[in-house]
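Report on the structure
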Amino acid sequence: ATTLGASAAATGRYFGTAVAAGKLSDSTYAGILDREFDMVTAENEMKWDATEPSQNSFSYSRAEPIVSHARSHNQRIRGHALAWHQQQPGWAQSMSGTALRNAMVNHITQVATHYRGQIYAWDVVNEAFDDGGNGARRDSNLQRTGNDWIEVAFRTARAADPSAKLCYNDYNTDGQNAKSNAVYAMVQDFKARGVPIDCVGFQSHFNQASPVPSDYQANLQRFANLGLDVQITELDIEGSGQAQADNYARVVRACLAVTRCNGITVWGIRDTDSWRAGGTPLLFDGNGNKKAAYTSTLNAL
Ligand code: XIL
């Protein structure tokens, strides 16, 4: 096949991108989006601060252009993200205890119910583990409501939208390390106790300090062996030329080698769309031209 989406579909997978609502009117951007991708993630527009700007007052207007664009172009939607310590509205940032816990449950119920039946997979909880070597939970206002906040989030999401896959999503969990071991133990425990979880998302933001791990495929496989799907959810790889192209190909090959790796999402379309200011971590250059990384990705699919 000649596009990322069609090539991924040939093995039953998807190829997605993060989308910014404000860029949909850019014809170069929308042209690449609709030619190459069959899954979209709202880059910011479904986050807590966007969907519940004041408590119990929900707004879906920021995400609406993305949702309607996806619907009219046969693109599925990964929902991102229901519970996260970042990009919370100000009112939630200053809450704690039972009030915050109840606000989180209400948020998940309302948002997942609003989009019920329209979301392929939700990042129910994002980035809940610490980067240190101790495998601890990240300290946050949500964590301080009690260690069970993650399972409560998953049970709440399942009740609101039984058809969406429910994912735990994080970064620096792409290889086997203390952080991914801790996520692995949590998933194992959830599966043993019947807490509803269907997938683990690996953000896969790679750069010189955090390269594609040598045990990337093995790590995806050990999670899949727990009996759930794995997805590459926010892929970008800093660099350029053949080295970058080779790294993209490695990531694609790792996913294809794992039966339960459902798909790959890159975190933006052109280098100029990247959240990495000044970086060149994506598949298209600022003019929308295909980079070597694009070609190697397509060829590896
Ligand atoms: C980023 C967006 O790309 C930026 O536009 C925003 O300013 C900050 O968030 N991990 C995630 C994503 O789960 O939601 C983040 O997206 C990138 C890191």
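Rules and cut-offs
Residues numbered from 1 in each chain as written. Predicted model: local features only at pLDDT ≥ 70, side-chain atom pairs only at ≥ 80, totals over all residues. Heavy atoms only, no water. Buried < 20%, exposed > 50% of the residue type's maximum accessible area, 1.4 Å probe, protein only. Helix = DSSP H or I, 4+ residues; strand = E, 2+ residues; numbered from the N terminus. Pairing = 2+ DSSP bridges. Expected span 1.5 Å × (residues − 1). Arc of directions from axis to C-beta. Contact = heavy atoms within 4.5 Å. pLDDT = per-residue confidence, 0-100. Near = heavy atom within 4 Å. Polar contact = N/O pair within 3.5 Å; in protein donor to acceptor, adjacent residues only side chain to side chain. Areas by Shrake-Rupley, 256 points an atom, 1.4 Å probe, with all protein chains shown as cover. 1 Å grid on protein atoms, 1.4 Å probe; cavity = no way out; pocket = protein on both sides within 12 Å on 5 of 7 lines; lining within 4 Å. Sits in = over half its atoms within 2 Å of the grid points. Nonpolar A, V, L, I, M, F, W, Y, C, P; charged D, E, K, R; others polar. Disulfide = S-S within 2.5 Å. Phe/Tyr/Trp six-rings, centres within 6.5 Å; stacked < 30°, edge-to-face > 60°. Lys NZ or Arg CZ within 6 Å of the ring centre and 35° of its normal.

For the rest of this paragraph, the subject is the pairing of strand β1 (residues 14-19). Counting buried residues along β1, six of its six residues qualify, which places the element largely inside the surrounding structure. Neither face of β1 is exposed, since Tyr-14, Gly-16 and Ala-18 on one face and Phe-15, Thr-17 and Val-19 on the opposite face are all buried. With four bridges connecting them, β1 and strand β9 (residues 261-266) associate as parallel partners. When the bridges of β9 are listed, Phe-15 appears paired with Ile-264.

On to helix α6 (residues 97-114). The terminal C-alpha atoms of α6 lie 26 Å apart, and with 18 residues this matches the ideal 26 Å at 1.5 Å per residue to within 8%. For α6, the set of buried residues is Leu-100, Arg-101, Ala-103, Met-104, His-107, Ile-108, Val-111 and Ala-112. Buried residues of α6 fall within an arc of 160° about the axis and therefore sit on the same side. Where α6 is buried, its residues meet α3 (48-51), β3 (76-84), α5 (90-93), β4 (121-126) and α7 (149-160).

In the predicted model, the protein carries a mean pLDDT of 98, and 100% of its residues have values of at least 70. Per the prediction output, this complex has pTM 0.98; the corresponding ipTM is 0.99.

A few words now on the site of the ligand. If you check the shell around the ligand, you find 13 residues, and the closest are Glu-43, Lys-47, His-80, Glu-234 and Trp-267. The contact in question runs from an oxygen atom of the ligand to an N or O atom on the side chain of Lys-47, over 2.7 Å. For the ligand, the protein covers 79% of the area, taking 420 Å² as the surface of the free molecule. A molecule is said to occupy a pocket when more than half its atoms come within 2 Å of that pocket's grid points, and by this definition the ligand occupies the largest pocket. Residues belonging to the shell around the ligand are distributed by class as follows: three nonpolar, six polar and four charged.

You can see Asn-262 is positioned in strand β9. Considering only alpha carbons, one finds Asn-262 and Gln-231, 31 residues apart in sequence, at a separation of 5.7 Å. Not counting residues within four places of it along the chain, the set of residues in contact with Asn-262 comprises Gly-12, Arg-13, Tyr-14, Tyr-120, Lys-165, Asp-229, Val-230 and Gln-231. Of the polar contacts made by the side chain of Asn-262, one reaches the side chain of Gln-231; its length is 3.2 Å.

Okay, the state of the cysteines next. Per the stated rule, a full pass over the model turns up two disulfides. Residue Cys-167 pairs covalently with Cys-199 via a disulfide, S to S 2.0 Å. Residues Cys-167 and Cys-199 share a disulfide whose torsion about the S-S bond is about -90°; that sign makes it left-handed. Within this pair, whereas Cys-167 is found in strand β5 (residues 165-170), its partner Cys-199 is found in strand β6 (residues 199-202), the two being separated by 32 residues in sequence.

Turning to unusual backbone geometry, a few remarks are in order. Going from His-80 to Ala-81, the amide bond is cis rather than trans, its omega being -5°. Looking at the element boundaries, Ala-81 is found in strand β3. Of note in this structure, Asn-56 is not a glycine but carries a positive phi near 65°. Mapped onto the secondary structure, Asn-56 falls in the loop between α3 and α4 (64-72). Although it is not a glycine, Gln-87 adopts a positive phi angle of roughly 50°. Here Gln-87 shows up in the loop between β3 and α5.

Turning to the packing of aromatic side chains, a few remarks are in order. If you walk through the whole model with that rule in mind, you get eleven aromatic pairs. Taken together, a centroid distance of 5.9 Å and an interplanar angle of 90° make the contact between Phe-129 and Tyr-168 edge-to-face. Pair noted here: Phe-129 is in the loop between β4 and α7 and Tyr-168 is in strand β5, with a separation of 39 residues, a long-range link. Neither residue differs from the other here; Phe-129 and Tyr-168 are each classed as buried. Each residue in the set Tyr-60, Tyr-115 and Trp-122 is aromatic and connected to the rest through ring pairs, giving one cluster. Just above the ring of Tyr-171 sits the side chain of Lys-179; from NZ or CZ to the centre is 3.6 Å. The residue whose ring lies beneath Arg-222 is Tyr-184, and the NZ or CZ to ring-centre distance is 4.8 Å.

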